[in-house]
Amino acid sequence: MTTSESASPSGLTYAASGVDTAAGDRAVDLMKEAVAATHGPEVLGGIGAFAGLVDVSALKDYRRPLLASSTDGVGTKIAIARALDVHDTIGQDLVGMVVDDIVVVGARPIAMTDYIATGKVVPERVADIVRGIAEGCRLAGCALVGGETAEHPGLMAADDYDVAGAAVGVVEADALLGAERVRPGDVVLGMDASGLHSNGFSLVRAVLDGAGIALDQHVEAFGRTVGEELLEPTRIYAADVLALLEDARTTGAVHALSHVTGGGLAANLARVVPEGVGVRIDRSSWTPLPVFGEIARWGAVPQLDLEGTLNMGIGMIAVLDAGSAEAAIAVLAERGLGARVIGEVLEPAALPAASGPIEHVVTGAKGVEGGAVLMAGQHPGWA
């Protein structure tokens, strides 16, 4: 091929095929300051390396360190962000979904990476997403050490995007939390959610469409628009939970944790309750945020379906010694997180049978056959 042939104006370039590498570089320039702000002295190198490096010399002080890992996305909540053209909160949702699954076993998060796929790289939009991820990592005490932005023209529409992330943490083997520590006499502590978090948005969007509810509609119960309520970022519990585990008032008191995500409260709690043990959750111990009631009303959604899909206002659960519950509530309150006792762990024979149309028992989810969780009673103000 001659020089003139290789420079032919009729040739097809990568940019002409829909991939703009210059836009990707611009996105990195816009986000790098926010990413760097999550780095402590243990993070080596900078943005743009093939791999993120973290100095884990501190693990030498562990007797038997266990690495914990998790990966997740944020589901169809992205459709709300796209509709409102607001992209700087979805990253915090991503961090919450990933990092708070790690802290459930008692692990301290170390590092996180992200992946963004889009039909067309819009540098400002990508940078907004990553700034949200960086802010979430800051709240979680976790370094954002790498990521990838992939442009997929022809596979995704120009404004389409999806995000995913992965994180790793560490826990001392003899401090590992889980079902084997749970015993009758323990109580269940429910920690406040900030809103819907990042689960059940296919149901939520279907409800809005069916009821003709617009995202810019102001709702008195919310004190803001529907869209603003739905985009409320996921509460990140990692730092709060680690404080609970490490505070002298509650050290050793927590036996298990459960992150209330897909499947709702009962199903996720059952995953950390041993077989042969029962838990009774009393709905009357808390009032769900108004958004849950409005979704139920707008879509005539049956309560059992609603609470099997959404968090119902409780985003994280701790199962702990009954005698430490008051101290645990105080520790969390000092950090600005509301919590309350919502249930108790019982001997199997002491677990009452479900009665009435809204009482039901869940025994496991996502491949885990756990103990029996009875949802009993009713929330204040709910019919």
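Residues numbered from 1 in each chain as written. Predicted model: local features only at pLDDT ≥ 70, side-chain atom pairs only at ≥ 80, totals over all residues. Heavy atoms only, no water.

Once that is clear, we can look at unusual backbone geometry. Most peptide bonds take the trans configuration, and most residues that are not glycine carry a negative phi. The residue A300 is not glycine, and still its phi comes out positive at about 50 degrees. Mapped onto the elements, A300 comes out in the loop between α10 (290–299) and α11 (303–307). Overall, the relative accessible area of 62% leaves A300 in the exposed class. Phi angles above zero are rare outside glycine, and M312 is one such case at about 60 degrees. Looking at M312, the relative accessible area reads 3%, which means it is buried. (Helix = DSSP H or I, 4+ residues; strand = E, 2+ residues; numbered from the N terminus. Buried < 20%, exposed > 50% of the residue type's maximum accessible area, 1.4 Å probe, protein only.)

Here we come to the pattern of salt bridges. Under the counting rule described, the total for this entry stands at 18 salt bridges. With a shortest N-O distance of 3.0 Å, E229 and R224 are connected by a salt bridge. Here E229 falls in the buried class, since its relative accessible area comes to 8%. You can call R224 partly exposed: its relative accessible area is 24%. The partner of R283 in a salt bridge is E307, and the shortest N-O contact between them spans 2.7 Å. In this pair, R283 is assigned in the loop between β11 (278–282) and α10 and E307 in helix α11, connecting sequence segments 24 residues apart. In terms of burial, R283 and E307 fall into one category: buried. Overlapping salt bridges, with partners in common, bring together R63, E172 and D174 in one network. (Salt bridge = Lys/Arg side-chain N within 4 Å of Asp/Glu carboxyl O.)

Among the residues of α10, V291, F292, E294, I295, A296 and W298 are the ones counted as buried. Contact partners of the buried residues in α10: α6 (201–211), β8 (218–219), α7 (226–230) and α11. Looking one or two residues beyond α10, the residue adopting positive phi is A300, at roughly 50 degrees. (Contact = heavy atoms within 4.5 Å.)

For the rest of this paragraph, the subject is the pairing of β11. In this structure, β11 lies alongside strand β13 (residues 339–346), joined through four bridges in antiparallel fashion. Counterpart to G278 in the pairing with β13 is L346. Relative to strand β15 (residues 368–376), β11 runs parallel, the two being bridged by five bridges. In the sheet register, D282 faces β15, and the bridge partner there is A376. (Pairing = 2+ DSSP bridges.)

With that settled, consider the packing of aromatic side chains. With the rule as written, the count across this model stands at one aromatic pair. Ring centres of F222 and W298 lie 6.2 Å apart, and the angle between their planes is 75 degrees; on these two criteria the pair is classed as edge-to-face. Of this pair, F222 sits in the loop between β8 and β9 (224–225) while W298 is found in helix α10, placing the two residues 76 residues apart along the sequence. With a relative accessible area of 12%, F222 lands in the buried category. (Phe/Tyr/Trp six-rings, centres within 6.5 Å; stacked < 30°, edge-to-face > 60°.)

The subject of this paragraph is the sheet that holds strand β6 (residues 161–172). Spatial ordering of the open sheet is given by β3-β6-β4-β5, a layout of four strands whose pairing is mixed. Only two strands of the sheet have a single partner each, and these edge strands are β3 (65–73) and β5 (143–151). Each strand of the sheet is rotated relative to its neighbour by a mean of 15 degrees, with strand direction disregarded. Bridge count for β3 against β6 is nine bridges, and the pairing is antiparallel. Bridging from a neighbouring strand, T71 pairs with A166 of β6. Strands in contact with helix α4 (residues 90–103) are β3, β4 (108–118) and β6; relative to β3, the strand with the most contacts, it is inclined by about 145 degrees. (Axes fitted to C-alpha atoms, helices over the stretch in contact; angles between N-to-C directions.)

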